[in-house]
Amino acid sequence: MKTSIYLDNAATTKTAQEVVDAMLPYFTENYGNPSSIYDLGTKSKEAITKGREQIAEVLGAKSEEIYFTAGGSEADNWALKATFEAYKNKGNHIITTKIEHHAILHTCEYLEKRGAKITYLDVDENGVVDLDQLQKAITPETILISVMFANNEIGTIQPIKEIGMIAKEHNILFHTDAVQAFGQVPINVDELNIDMLSSSGHKINGPKGIGFLYIRKGVKIRSFVHGGAQERKRRAGTENVPGIVGYGVAAKRAADSMEERTKKEIELRDYFIGRILNEIPYVRLNGDPKRRLPNNINVSFQFVEGESLLIMLDMKGIAASSGSACTSGSLDPSHVLLAIGLPHEIAHGSLRMTISDETTKEDLDYTLDQIKEIISRLRQMSPLYEDFVRKHQA
Ligand SMILES: *Cc1c(COP(=O)(O)O)cnc(C)c1O
């Protein structure tokens, strides 16, 4: 059915109209190559400079520390692969967590095959990394700590300031995948001692296919794409001018509206979580109840298959996401839900809903009614549930 309620803003967001409006002239009249010296090229070059400045300002960074990429995955790949190469003489050890996005985890696996030693930190039942374990994992060979700012599945926000301090004390580089956090929570790279940070346009109402890696001045890093001199010779290729323009506007818009927007989202989020936990039996909230993204709701229903729930929600016009790695065609439950200690059968009954500033209380009330009905229908068909009820009545 046609989607009428979109609750999957962690997957991607609607491009804001003001972003589209800002981008359009860079497809039509201002199509010049930013490297060209005539007026048309200069216009594009100026637009890139402005986008870079808008983004740097949100982070408290210098604009020359922002390197545009084709998205969050590329920025994550770059940070890890290029650090591994550039700091070979110092060591080969990287510390990350078990709950990173696959752009980090699969890059780590790739580097392991090339001689890297990777420590994957555990998280507690709320998805928070263990700082003691982090301290203990550090060796003289450790070159990089990469811990995501906020988790894309369960919304947990990590103690980034503390991690940054630990990294700085030990003179180790600190990278954070901030794709879900940038524009949602205040970030200042100096206050948090962040050396590298990844972000992506389409997660903040900007366009798809554009992202950036913040690289603190002084950090040695290899070029990611070789060719022309774009991005200060670090990332060759004619710049995605409309993308950069849109991203700059999206970043400014997200930062300017952050306080008001997230306050409203947190209210709606907690209202919805409260109703789910109160009105549906055998359900649990995943992720930290307080230290979580303003727009994230992730719950597991016992005796229910998440995939069936999603399909039935879709039939009611509701778009959400499950916790399992269904996109890869595998039926393994999400690595994040397993890392917080959920048994397979509970992890399989998970549902992630991520709201936006356009989500209303009515949307969530309607969604809750549908979830209630679907859950009770699915449970009636579940032999496990039947067994459970029989035992409890006995
Ligand atoms: C979406 C996402 C990415 C990947 O970003 P793309 O721009 O889609 O490549 C990386 N990390 C996290 C945490 C994400 O949510």
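Residues numbered from 1 in each chain as written. Predicted model: local features only at pLDDT ≥ 70, side-chain atom pairs only at ≥ 80, totals over all residues. Heavy atoms only, no water.

A word on the site of the ligand
Okay, step 1: In the vicinity of the ligand, 13 residues are found, and the nearest of them are Ser73, Asp177, Gln180, Ser200 and Lys203.
Okay, step 2: Take Gly72: an N or O atom from its main chain is 2.8 Å from an oxygen atom of the ligand.
Okay, step 3: At a separation of 2.6 Å, an oxygen atom of the ligand approaches a polar side-chain atom of Ser200.
Okay, step 4: With the chains in place, 87% of the 380 Å² that the ligand exposes on its own is no longer accessible.
Okay, step 5: For the shell around the ligand, the element with the most residues is helix α3 (residues 72–86), which contributes three residues.
Okay, step 6: For the shell around the ligand, a count of residues per class yields two nonpolar, eight polar and three charged. (Near = heavy atom within 4 Å. Polar contact = N/O pair within 3.5 Å; in protein donor to acceptor, adjacent residues only side chain to side chain. Areas by Shrake-Rupley, 256 points an atom, 1.4 Å probe, with all protein chains shown as cover. Helix = DSSP H or I, 4+ residues; strand = E, 2+ residues; numbered from the N terminus. Nonpolar A, V, L, I, M, F, W, Y, C, P; charged D, E, K, R; others polar.)

Overview of the side chain of Glu265
Okay, step 1: Its place among the elements puts Glu265 in helix α7 (residues 241–279).
Okay, step 2: The side chain of Glu265 is buried and forms no salt bridge, while Arg261, the nearest opposite charge, is found at 4.6 Å.
Okay, step 3: If near-sequence neighbours (up to four positions away) are discounted, Glu265 is found in contact with Gln184, Pro294, Asn295, Ile355, Ser356 and Asp357. (Buried < 20%, exposed > 50% of the residue type's maximum accessible area, 1.4 Å probe, protein only. Lys, Arg positive; Asp, Glu negative; His and termini not counted. Salt bridge = Lys/Arg side-chain N within 4 Å of Asp/Glu carboxyl O. Contact = heavy atoms within 4.5 Å.)

Notes on a negative patch on the surface
Okay, step 1: A surface patch of like charges, here negative, comprises Asp124, Glu125, Asp130 and Asp132.
Okay, step 2: We classify Asp130 as partly exposed; its relative accessible area is 36%. (Patch = residues over 30% accessible without salt bridge, like charges linked within 9 Å, V, L, I, M, F, W, Y side chains within 5 Å. Charge placed at Lys NZ, Arg CZ, Asp CG, Glu CD.)

Some details on α3
Okay, step 1: Here α3 spans 21 Å end to end across 15 residues, near enough to the 21 Å set by a 1.5 Å rise per residue.
Okay, step 2: Most of α3 is tucked away: twelve of the 15 residues are buried.
Okay, step 3: Where α3 is buried, its residues contact β2 (66–69), α4 (102–112), β5 (142–146), β6 (173–177), β7 (196–200) and β8 (211–215). (Expected span 1.5 Å × (residues − 1).)

With respect to the UniProt feature "modified residue: N6-(pyridoxal phosphate)lysine" (unreviewed entry) in the protein
Okay, step 1: In the numbering used here, UniProt assigns the feature "modified residue: N6-(pyridoxal phosphate)lysine" (unreviewed entry) to Lys203.
Okay, step 2: Looking at the secondary structure, you find Lys203 in the loop between β7 and β8.
Okay, step 3: With relative accessibility at 18%, the residue Lys203 sits in the buried group.
Okay, step 4: The residues contacting Lys203, other than those within four sequence positions of it, are Ala10, Ala11, Thr13, Val179 and Gln180. (UniProt positions renumbered as here; feature names shortened; annotations may be inferred.)

Concerning the domain arrangement of the protein
Okay, step 1: Segmenting the protein into domains produces domain 1 (5–12 + 258–393) and domain 2 (17–254).
Okay, step 2: Each side of the interface is counted separately: domain 1 has 28 residues, and domain 2 has 32 residues.
Okay, step 3: Across the contact surface, domain 1 and domain 2 share one salt bridge.
Okay, step 4: One can count 18 residue pairs in polar contact (both at pLDDT 80 or more) joining domain 1 with domain 2. (Domains from an automatic or database assignment.)

Some points on the packing of aromatic side chains
Okay, step 1: One pass over the structure, following the stated rule, counts ten aromatic pairs.
Okay, step 2: With a centroid separation of 5.8 Å and 80 degrees between ring planes, the pair formed by Tyr67 and Trp78 is classed as edge-to-face. Here Tyr67, found in strand β2, pairs with Trp78, found in helix α3; they are eleven residues apart in sequence, far enough to count as distant.
Okay, step 3: Counting every residue linked through ring pairs, the aromatic cluster contains Phe68, Phe182, Phe212 and Tyr247. (Phe/Tyr/Trp six-rings, centres within 6.5 Å; stacked < 30°, edge-to-face > 60°.)

Some thoughts on unusual backbone geometry
Okay, step 1: For Arg232, which is not glycine, the phi torsion reads 50 degrees and is therefore positive.
Okay, step 2: Residue position: Arg232 is located in the loop between β8 and α7.
Okay, step 3: With phi around 65 degrees, Phe303 is a residue other than glycine that occupies positive phi space.
Okay, step 4: Note on Phe303: relative accessible area 16%, which makes it buried.

Description of the sheet that holds β8
Within a sheet, neighbouring strands are paired by backbone hydrogen bonds and run either parallel or antiparallel to one another.
Okay, step 1: With respect to topology, seven strands assemble into an open sheet ordered β2-β8-β7-β6-β5-β3-β4, the strand pairing being mixed. Strand pairing shows two members of the sheet lacking a second neighbour, β2 and β4 (117–121), which therefore form its edges. Mean inter-strand twist for the sheet, computed between neighbouring axes without regard to direction, equals 20 degrees.
Okay, step 2: Strand direction decides the pairing type here: β2 and β8, joined by four bridges, are antiparallel. Paired with Thr69 across the strands is Gly211, a residue of β8.
Okay, step 3: Together, β3 (93–97), β4, β5 and β6 form the strand contacts of α4, whose direction differs from that of β4 by roughly 150 degrees. (Pairing = 2+ DSSP bridges. Axes fitted to C-alpha atoms, helices over the stretch in contact; angles between N-to-C directions.)

A closer look at the side chain of Thr142
Okay, step 1: Among the structural elements, Thr142 can be located in strand β5.
Okay, step 2: From its side chain, Thr142 meets the backbone nitrogen of Thr139 in a polar contact 2.8 Å long.
Okay, step 3: Not counting residues within four places of it along the chain, the set of residues in contact with Thr142 comprises Lys90, His93, Ile95, Ala137 and Ile172.

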